[in-house]
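# Notes for the structure review
The residues making up each chain are set out below.
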Amino acid sequence: MKNEENIIVGISIGDLNGIGGEVVLKTFEDVRMLEFCTPVIFASVKTISFLNKHFDFKLNFNGINNFNQIILGKLNVFNVWNDKFNIEFGKEDPVIGEYAIKSLQAATKALKENKIDVLVTAPINKHNIQSEVFKFPGHTDYLAQELEGTSLMFMVSDDLRVGLLTDHVPVKDISSHITKELIKDKLNIIYQSLERDFKIRRPKVAVLGINPHTGDNGVIGSEDDDILRPTLTEIRDKGRLVYGPYAADSFFGTKNYKNFDAIIASYHDQGLIPFKTLAFGKGVNFTAGLNKIRTSPDHGTAFEIAGKGEADECSFKEAVFTAIQIFKNRNEHEKLNKNPLKTRPKKI
């Protein structure tokens, strides 16, 4: 589906006992959003009516049972279920986890079948979603299985983009996961995404070290010298602007990140702590490297404030805008590369 006039944004509702439903509805309480896209929430009319009433929103929406019923420029709710169940804000509940997965699965199916253009996911609780049929640490891992391509967690904001070599990996296992092949694969995804999704020509990428002080010449671990440095040299020799490894402890404090189009961190907290410190509330989690576009806000379920009307929708709104912009950029990139100008034969 390449409808750039009114992009259809599918939304999985996330954990209904968290703040997901609130930030979704707050986002589209601003009717100007409907000038940019047509949202389709995967839940049920009963569920969204309950949230609408609880938060005293005045949203009008169109309930649908098939995609032919979508009204462009309106808020649509796709009925994934008709069940009645209790929403208890702030409570971790495996039953609510099941409905979060039902929403995600229905939205992903619609994405694969081109019924929606992009997917924006509201936060889930990683513990209560686990079951015999769903054994994934989170959205990224599930979508990596369901969609084509190789996924990479890419945290993005206006002036900061952070990708990860390893994401949901225990700290004790990080170094064993980082191989020459992994580094090349992840850097390749980053480069393709920067060029195709963000329209950056000849991107510059910084890579953070694995060990403190990038190993201090082997005193604090050898992985940086044995794996990271030679692999980055090999990539640079092929013409790509890759720099590092940089010591992570001072890289962000010195604002060195401003000199690069993206940064690759070796592991989850090394990248996400500085990202969320610098961009929290404005950042977006983008799953790069897949054939379809998925974004999400940079926060979790926030059970401690759920149901109180205190949640800030800014990050979710940014996730919607980012998904729309990447969709447009990809379409433009595809058009530009579909019929490249033929090179005239040289005259002899």
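Anyway, here's the lowdown on the structure attached to this text. (Residues numbered from 1 in each chain as written. Predicted model: local features only at pLDDT ≥ 70, side-chain atom pairs only at ≥ 80, totals over all residues. Heavy atoms only, no water.)

### Let's talk about the packing of helix α3 (residues 94-112) against helix α4 (residues 139-146)
Let me state the cut-off plainly: To get an axis, fit a line to the C-alpha atoms, keeping to the stretch in contact for a helix; angles then go from 0 to 180 degrees between the N-to-C directions. Helix and strand definitions follow DSSP, with helices as H or I runs of at least four residues and strands as E runs of at least two, each counted in order from the N terminus. Any angle that is under 35 degrees is reported as roughly parallel, and any over 145 degrees as roughly antiparallel; angles of 65 to 115 degrees are reported as roughly perpendicular and all others as oblique. Take the far helix as your reference; a near helix turned counterclockwise from it by less than a right angle gives a left-handed crossing, and one turned clockwise gives a right-handed crossing. Residue contacts are counted whenever heavy atoms from the two residues lie within 4.5 Å of one another. Only Asp, Glu, Lys and Arg are considered charged in this grouping, and only Ala, Val, Leu, Ile, Met, Phe, Trp, Tyr, Cys and Pro are considered nonpolar; every other residue, Gly among them, is considered polar.
For the pair α3 and α4, the least separation of the axes is 11 Å and the interaxial angle reads 40°. Comparing the axis directions of α3 and α4 gives the class oblique. As α3 packs across α4, the resulting crossing turns out to be right-handed. Residues Leu 104, Gln 105, Thr 108 and Lys 112 of α3 form the contact with α4, whose participating residues are His 139, Tyr 142, Leu 143 and Glu 146. Tallied by class, residues from the contact of α3 with α4 come to 3 nonpolar, 3 polar and 2 charged.

### A word on the environment of Arg 161
The condition that has to hold: For this analysis, a polar contact is any N or O atom pair within 3.5 Å, provided that within protein one partner can donate a hydrogen and the other can accept it, and provided that sequence-adjacent residues contribute only side-chain to side-chain pairs.
Locating Arg 161 in the fold gives a position in strand β7 (residues 161-164). Separated by 2.9 Å, the side chain of Arg 161 and the backbone oxygen of Asp 261 make a polar contact.

### Structural notes on the environment of Phe 85
Heads up, the condition is: Type-normalised accessible area, obtained with a 1.4 Å probe on protein chains alone, sets the label of each residue: buried when under 20%, exposed when over 50%, and partly exposed for intermediate values.
Inspection of the secondary structure assignment puts Phe 85 in the loop between β4 (76-79) and α3. For Phe 85, a relative accessible area of 19% translates into the label buried. For Phe 85, the contacting residues outside a window of four places in its chain are Leu 16, Thr 47, Ile 96 and Tyr 99.

### Quick word on the packing of aromatic side chains
Under the convention used in this document: For Phe, Tyr and Trp, where Trp contributes only its six-membered ring, two rings pair if their centres lie within 6.5 Å, and the inter-plane angle classes them as stacked under 30 degrees, edge-to-face over 60, or tilted in between. In this scheme, the term charge over a ring applies when either NZ of a lysine or CZ of an arginine sits within 6 Å of the ring centre and within 35 degrees of the ring normal.
All told, the structure shown has 18 aromatic pairs when counted by the stated rule. Ring geometry for Phe 251 and Phe 252: centres 5.3 Å apart, planes at 80°, overall edge-to-face. Taken as a pair, Phe 251 and Phe 252 share a single burial class, namely buried. Taken together, the aromatic side chains of Tyr 243, Tyr 246, Phe 251, Phe 252, Tyr 257 and Phe 260 make up a single cluster linked through ring pairs. For Arg 161, the ring lying beneath its charged end belongs to Phe 198, and the centroid distance is 5.1 Å. Over the ring of Tyr 191 we find Arg 240; its NZ or CZ atom is 4.7 Å from the centre of that ring.

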